[in-house]
Every structure is written in structure tokens, then in C-alpha cells.
Amino acid sequence: MGSIIIIGGIYGVYPELLMEADRCVREDDLEKALQIQLKINDLISELTSFKGNLYDVMKLILAKRGVSVGRARNPLPHVEDDEMDHVEVVRQHIDDAIAEFTK
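Participant: Whenever I open this one, the environment of Leu-54 confuses me. Can you help?
Facilitator: Tracing the chain through its elements places Leu-54 in helix 3 (residues 54–64). Overall, the relative accessible area of 27% leaves Leu-54 in the partly exposed class. Contacts of Leu-54, omitting those with residues within four sequence positions, involve Ile-10, Leu-47 and Thr-48.

If you want it as C-alpha cells, here you go:
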């Protein structure tokens with residue numbers, strides 16, 4: 001039993017990782033696919049650790065990756081000012097993971 005599709009809005013901030021994991025599974029490199037999935041799990045934990053709404057976090061990360069899509073609309077709470085530095089840390093973790101697994 002397996003899946004042939006995924007629905008995950010959170011994946012929009014790191015599509016490169018999902019595409020690489022898919023390639024690994026198709027080419028039977030299951031160890032690398034597992035390592036990518038474990039990294040994705042860590043990233044999901046980081047992305048969901050903010051006080052603000054996940055959509056706002058994702059939009060901020062996308063903007064830092066060059067895709068400006070605005071902020072989450074009310075009534076969804078925005079990431080608080082004191083967490084903005086952490087948004088950059090998470091963005092760097094995403095970029096590091098992409099560099100690590102897609103070289």
C-alpha cells in the first residue's frame with residue numbers, strides 16, 4: 001500500500017525536498033528518501049512552533065525565498081515581532097536542507 005499523491009500546503013515552502021524524496025523513492029533509494037522525510041519532519045516541527053498562524057509563517061518564509069505573497073489575512077494571527085529572527089533561522093534550515101539533499 002502506498003500513496004501516489006500528497007496534499008500538503010506546508011510543502012510549498014520546500015518543494016525541492018519533496019521532489020527529491022519522490023525521485024529517491026522512484027529510484028529505490030529508500031535510505032535517502034527516509035533521511036529527507038526525517039528532515040521534513042524536523043522542519044514541520046519548526047514551522048509549527050510559532051505563536052502566529054502557520055499560514056503567516058509560510059508566507060514570511062516564501063517572501064524570504066523570493067516569492068512575495070503578502071501576509072495571512074485576518075482573523076489569522078500574524079507572527080509576532082519578537083519571533084521574526086526565528087523566521088530567518090527556519091528559512092536558513094530549509095535552504096540548508098535543500099542544499100544538503102539536492103546536490
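Now, onward.
Participant: Quick question: what am I supposed to make of helix 1 (residues 15–26) here?
Facilitator: Residue pairs spaced three or four apart in an α-helix point in one direction, given the helix's 3.6 residues per turn. In this model helix 1 runs 17 Å from its N-terminal to its C-terminal C-alpha over 12 residues, within 8% of the 16 Å that 1.5 Å per residue would give. Along helix 1, the residues classified as buried are Leu-17, Leu-18, Glu-20, Ala-21 and Cys-24. Angularly, the buried residues of helix 1 cover 165 degrees about the axis, an arc narrow enough to put them on a single face. Turned more than 90 degrees from where helix 1 packs its buried face, Met-19 and Arg-26 sit exposed. Summarising the contacts, the buried residues of helix 1 are in contact with helix 2 (30–47) and helix 4 (84–101). Positive phi shows up at Asp-28, right after helix 1, with a value of about 65 degrees.

Participant: Explanation requested: the packing of helix 1 against helix 2 in the structure shown.
Facilitator: Two measures define how a pair of helices packs: the angle their axes make with one another and the distance between the axes. Between helix 1 and helix 2, whose axes approach to 8 Å, the crossing angle comes to 155 degrees. Considering their axes alone, helix 1 and helix 2 lie roughly antiparallel with respect to each other. In the crossing of helix 1 with helix 2, the sense of the turn from one axis to the other is left-handed. Note on element contacts: helix 2 touches helix 1 through Leu-30, Lys-32, Ala-33, Ile-36, Ile-40 and Leu-43, opposite Leu-17, Leu-18, Glu-20, Ala-21, Arg-23, Cys-24 and Val-25. Residue classes in the contact of helix 1 with helix 2 are distributed as 10 nonpolar, no polar and 3 charged.

Participant: Hey, could you run me through the packing of aromatic side chains in this one?
Facilitator: Ring pairs (aromatic) are described by centroid distance and by the angle formed between their planes. Within this structure, the stated rule accounts for 1 aromatic pair. Judged by centre distance (6.2 Å) and plane angle (50 degrees), the rings of Tyr-11 and Tyr-14 are tilted. Judged by relative accessible area, Tyr-14 falls into the buried class, the value being 0%.

What counts, and at which threshold
Residues numbered from 1 in each chain as written. Predicted model: local features only at pLDDT ≥ 70, side-chain atom pairs only at ≥ 80, totals over all residues. Heavy atoms only, no water. Helix = DSSP H or I, 4+ residues; strand = E, 2+ residues; numbered from the N terminus. Buried < 20%, exposed > 50% of the residue type's maximum accessible area, 1.4 Å probe, protein only. Contact = heavy atoms within 4.5 Å. Expected span 1.5 Å × (residues − 1). Arc of directions from axis to C-beta. Axes fitted to C-alpha atoms, helices over the stretch in contact; angles between N-to-C directions. Parallel < 35°, antiparallel > 145°, perpendicular 65-115°, else oblique. Left-handed = near helix turned anticlockwise from the far one by under 90°. Nonpolar A, V, L, I, M, F, W, Y, C, P; charged D, E, K, R; others polar. Phe/Tyr/Trp six-rings, centres within 6.5 Å; stacked < 30°, edge-to-face > 60°.

Everything listed here is a matter of coordinates, which is why it stays silent on function.
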